[in-house]
Amino acid sequence: MSRSGADANRILLLEEDAAKIAAPLTRDKSGAVYLPVERWREILGHYWFDLPRDPKGTEFEQSFVPGFRSLVSYFIRRNAGGAFAVPVRQHEKQNAYDWQVNLSYLIGLDWRIPRAIEQLKVSTAALADLRKAIKEGAFGKLFGSVGEIRPEIQRIEARIERLRAAIAAFEVAENYRERAAEAATARRRIQSLGFERMRALQTIAHLEAAVAEERAPEYAALERLYRAADVQLPGIVLAKMDDVASFQRSVSENRRVHLGGQISETRAGLALVDAEMTALDESQGAIMAEIAGKGALEDFTMMAEEIGTLGSEVELLREKLRNAEVLEGKKSLLLQERASLLQRLQADHRERGDALRSATLMIDRSITELYDDRYGNLIVEATPKGPEFRISIQGDGNRGGIDRMEIFCFDLMLYETAAERFNGGPGLLVHDSHLFDGVDPRQVRTAIALGHRTTVSRGGQYIIALNSEVLDVLDLGSEIDLDAAVLRPRLSDDETGGLFGIRFDAR
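Note that the structure is predicted; figures quoted are calculated from it, not measured.

K.L.:
Quick rundown of helix α11 (residues 353–370)? Include the residues and the values.
P.N.:
For α11, with 18 residues, the first-to-last C-alpha span of 26 Å sits near the 26 Å given by 1.5 Å per residue. Of all the residues in α11, the buried ones are G353, L356, A359, M362, I363, S366, I367 and L370.

Put into structure tokens, the structure is as follows:
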């Protein structure tokens, strides 16, 4: 088997080797046969972790399910991805659901429950996004709140009922528009005549006051005034004063006659105004009586059209109400489902107590081998957010080194569990020297020996990358046959080439 970096999506297999594992090879146009890397992962997942050979049509085709790449990453941790930070994560950016689902699958718990919890989280987040969009108006035409929609429906339905009652009692009058216009014209004319009548009454009052004030000049009083002053007026002057007085009396009389004529004319006009107002009032009353309770055909049509429009509005509101009730009901259902999933998770941990007990004993045994004065536990808790896994090694001292040994113990437990559950499992456990950074050399030596014994006893391999000088410090010879265990490096470059593409010239 081989794989080229230039074409990493192809796994090259001999046909006889592919037949041994029932791997369906693909042949390209050049005649070369290969196995797509995706199919290769499915085959390894089947043999190592008992996953379906072909996930199509199974529940493993869905989202949030155990997968080969996540599972195998617990057996081959990569320091570059932050895999040596905490035991449960094989990558620093690994989502919680991913380690919950995959660890549950490896240990033997019901992995479908954390998957359902993650699906519930997605549904809850989608519901929250939808409610936010509704609140901000993005879906205001389709959704709303039950409390806001119901009163609006009731208001429109009441308006529809009033319109229907009006239509049922509606009587169409011929020439309704013309007759209503006549009544309006009469009303406006009556208002105008009212102003004319008021002006006529004011004019009559003014003229009557003028008549009452009209009188001739009092020349006799003037004569008495002169006499009181012992002034004797000549006779000719008295004659002239008599003539003037006679003339003034004539003018005053003529003015009174003229004012009386104006009063008579104004009264005559007032009588005409009163008569017209009476006639118009009677005409308006007759028209209003004629069209009372009736209406124009256009009004009837407008009411019918308004009923149709309101009917469409109320149907849209009813749809919004149904959507709002579904949303509010969905929120309640999600809360119920969350509580139900927590109960299922708790029940699963009780029912699968043997699997948890076995994993706990494996970790306890590893801790006992590593430390003489410490003990620890595998703690698995059922929480609303899913199962929580953690290791607790008690005691003081180098916490950094202890944290790394927690990862070692956790991985060793996963290896043993997989070997028991999946007919040998992957058959290997790979650690980088970064796992032992900050760990006391005695614990490193004990851990490497323990890893070697445990994997070999299960028919597998413990692979660890160490610098050669570290081997000398650890003195593993008493625990492990280093000649058989150490893979000696071999450089194939000769004097004409270079090292990994780099040429070093000796000086």
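K.L.:
Provide a residue-level description of the pattern of salt bridges, including the pertinent values.
P.N.:
Following the criterion strictly, the structure yields 22 salt bridges and no others. Several salt bridges converge on common partners, so that one network encompasses E59, D110, R112 and R115.

K.L.:
Requested: an account of the pairing of strand β7 (residues 376–383), with residues and values cited.
P.N.:
In terms of strand pairing, β7 meets strand β8 (residues 386–393) through eight bridges, oriented antiparallel. By the bridge assignment, L378 is partnered in β8 with I391. Hairpin connection from β7 to β8: two residues lie between these consecutive antiparallel strands.

K.L.:
So what's going on with the packing of aromatic side chains? Which residues, and what values?
P.N.:
Scanning the entire structure with this criterion turns up eleven aromatic pairs. Seen in terms of ring centroids, F60 and W111 are 5.2 Å apart; in terms of plane orientation they differ by 40 degrees. Their pairing is tilted. In this pair, F60 sits in the loop between α2 (37–49) and α3 (68–72) while W111 sits in the loop between α4 (96–107) and α5 (112–136), placing the two residues 51 residues apart along the sequence. Judged by relative accessible area, which is 17%, F60 ranks as buried. Taking the centre distance of 5.4 Å and the plane angle of 15 degrees together, the rings of Y105 and F422 count as stacked.

K.L.:
Which residues make up the environment of S433, and what are the values?
P.N.:
Mapped onto the elements, S433 comes out in the loop between β9 (428–432) and α13 (441–457). Take S433: its relative accessible area is 26%, and that puts it in the partly exposed class. Distance in space between the C-alpha atoms of S433 and N79 is 9.2 Å, their sequence separation being 354 residues. If sequence neighbours within four positions are ignored, S433 has contacts with A465 and L466.

K.L.:
Break down the sheet that holds strand β3 (residues 26–27) for me, citing the residues and quoting the values.
P.N.:
Spatial strand order, β1-β2-β4-β3: four strands in an open sheet with antiparallel pairing. The open sheet is flanked by β1 (2–4) and β3, the only strands paired with a single partner. Here α2 sits on the sheet and contacts β1, β2 (7–12) and β4 (33–36); the angle it forms with β4, its principal contact strand, is near 65 degrees.

Parameters and conventions
- Residues numbered from 1 in each chain as written.
- Predicted model: local features only at pLDDT ≥ 70, side-chain atom pairs only at ≥ 80, totals over all residues.
- Heavy atoms only, no water.
- Helix = DSSP H or I, 4+ residues; strand = E, 2+ residues; numbered from the N terminus.
- Expected span 1.5 Å × (residues − 1).
- Buried < 20%, exposed > 50% of the residue type's maximum accessible area, 1.4 Å probe, protein only.
- Salt bridge = Lys/Arg side-chain N within 4 Å of Asp/Glu carboxyl O.
- Pairing = 2+ DSSP bridges.
- Phe/Tyr/Trp six-rings, centres within 6.5 Å; stacked < 30°, edge-to-face > 60°.
- Contact = heavy atoms within 4.5 Å.
- Axes fitted to C-alpha atoms, helices over the stretch in contact; angles between N-to-C directions.

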